[in-house]
Amino acid sequence: MAAKQALAQQGRRLILSGIQPTGIPHLGNYLGALNNWVKLQQEPDATTYYMFADLHAITMPQDPATLRRNKLDMAASLLACGIDPKRSVLFEQSRVPGHADLMWVFNCLTPVGWLGRMTQWKSKMDASARGNKVSHAEMLADESLTTGLKMGLFDYPVLQAADILIYKATHVPVGEDQLQHLELARDIAKVFNKTFKSNTFPKPNPIIPQGTKRVMSLRVPTSKMSKSDPSDHSKINLTDAPELIQSKIRRAVTDSIQGVTYDVENRPGVSNLISIYSAVRDIEIHDAVKEFENVKSTQAFKDQVAAAVIDRLTPIQNELKRLQDDQGYVMQVLEEGATKASEVAAKNVEEVYKLMGLRL
C-alpha cells in the first residue's frame, strides 16, 4: 500500500541520486551533495530516490563486514543530515534486482567504443600502459596491460545508466566530473527507444546545484577533501568532536599574507576556509569576506570558521548518535525504501521485457 501511495504522489520531476557506502561522510560530502539532497526533497514538484551504490562499491575489493557497517553508518548519517523517509525513497541498490537486470539489457545495446571513451576508464588504461604508446584496442588485446583492470571498472557506467533509467528518472544531481556518464545514460535511453520503437525512457537532465561550495583538503587546498586521504587532518568528519574540529582548522594550510581575502588561485587555503564558512552559514562568499574584514590574526580567522562549523554540525551529530543507538529503525527505513524502489523497478523491467519479446 505504501509503495502504491508513493507512486501516486510522484511529481513532475523524478530525481535519482546515489552515494557510495563509505561510512560516516565528511564535511565535503555534506556540503557538496547531501545538503543539496535535503533541499531537493522539499521541492513540491519532485519525487526523490536516494540510493547506496553498493554494487558500484564492489568494483574495488571490499571487506564484507566493513561494507555492512559502512552502509548502516551512511544510512544513519543521511537521516541525521535531514533525508526524510516520508519524502524520499532511501534504499540499497543491491536490494533491487532490477538494476542488474536492466544493466544486462543495456549491455546488449551499448557499443564497446562508447565505454572506451569514458574519461575515467581512459585514465586507468593510461596508468596501466605506463607510458607505452599503443592504441586502446591494442591495450585491450595485451593481457599484460590489463591484468589489474576488472570488467566492473569498464562497465559500471552502464550500471549507472540502469540505476537512473529503471525509475525513469527525469533529473540527476551531478558534478561536472559525472556529466559524461549522464550523457551515456541519455544515449542508451535513445538507443533503446529507437530500437524498440517506444518512448519508454525519458532522457534524464542534469541538476548542477547553483552555489554549491567545493570543499578542499585542509592540508592540500588545491585538492578536494577526500575520505581516502591518509591524513585525518585533511578532512572534517561529521563525527569529529568540537575540539578536534578546532584543532584541524587551526592546523589548516593558509599563507603569510595579512588579512582575509578570497582568491582561489593565489590564496587557496584561505579561500577554502572562507568557502567552508560561507557554506555552513548559508551566506554568499562576499558576505563571508565582509565578516572578516576586521579580523587581523590568522588564528582568530580560523577560530571563527571552526565555531561556525561546530555550530552547523552539532545538531547533526546529536541526531546521528541517537540513530546509531537505534539501528533497528535505520534498518526499517532501508527495508521500506527497498520495497518502494523494487515495486517501481519491477514494473519498469517488465515493460522492457515485454517490448523486447522476453515475455509471452
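Residues numbered from 1 in each chain as written. Predicted model: local features only at pLDDT ≥ 70, side-chain atom pairs only at ≥ 80, totals over all residues. Heavy atoms only, no water.

Geometry of an aromatic ring pair is reported as the spacing of the ring centres plus the angle between the planes. Under the counting rule described, the total for this entry stands at nine aromatic pairs. Measuring from centroid to centroid gives 4.3 Å for Trp37 and Tyr50, while their planes differ by 5°, and the two rings are stacked. Taken together, the residues Trp37 in helix H2 (residues 27-41) and Tyr50 in strand S2 (residues 46-52) connect sequence positions 13 residues apart. Pair check on accessibility: Trp37 and Tyr50 agree, each one buried. With a centroid separation of 4.8 Å and 40° between ring planes, the pair formed by Phe192 and Phe196 is classed as tilted. Looking at Phe196, the relative accessible area reads 21%, which means it is partly exposed. (Phe/Tyr/Trp six-rings, centres within 6.5 Å; stacked < 30°, edge-to-face > 60°. Helix = DSSP H or I, 4+ residues; strand = E, 2+ residues; numbered from the N terminus. Buried < 20%, exposed > 50% of the residue type's maximum accessible area, 1.4 Å probe, protein only.)

Now for the confidence of the model for the protein chain. Detailed conclusions should not be drawn from predicted coordinates in areas where pLDDT is low. Averaged over every residue, the pLDDT of the protein chain is 91; residues scoring 70 or more account for 89%. Residue range residues 1-11 is modelled with pLDDT below 50. Its contacts to residues more than four positions away, or to other chains, number 13 contacts. (pLDDT = per-residue confidence, 0-100. Contact = heavy atoms within 4.5 Å.)

Evaluation of the coordinates by the stated rule reveals 18 salt bridges. Measuring nitrogen to oxygen at the nearest pair gives 2.8 Å for the salt bridge that ties Asp54 to Lys71. One end of the pair, Asp54, is in helix H3 (residues 54-57); the other, Lys71, is in helix H4 (residues 64-81), and 17 residues separate them in sequence. Both residues of the pair, Asp54 and Lys71, count as buried. Residues Glu183 and Arg186 are paired through a salt bridge, measuring 3.8 Å at the closest nitrogen-oxygen approach. In this pair, Glu183 and Arg186 both sit in helix H11 (residues 179-195), three residues apart, roughly one turn of the helix. Through salt bridges that share partners, Asp54, Lys71, Glu92, Arg95 and Glu335 make up one connected network. (Salt bridge = Lys/Arg side-chain N within 4 Å of Asp/Glu carboxyl O.)

Taking 1.5 Å as the rise per residue, H2 with 15 residues should run 21 Å; its terminal C-alpha atoms sit 20 Å apart, in good agreement. By the largest-angle criterion, Ala33 marks the main kink of H2, which is about 35°. For H2, the tally of buried residues reaches eleven of 15 residues, placing the bulk of the element in the interior. Three or more residues of H2 are buried, namely Leu27, Gly28, Tyr30, Leu31, Leu34, Asn35, Asn36, Trp37, Val38, Leu40 and Gln41. (Expected span 1.5 Å × (residues − 1). Bend = angle between axes of the 7 residues up to and from the residue.)

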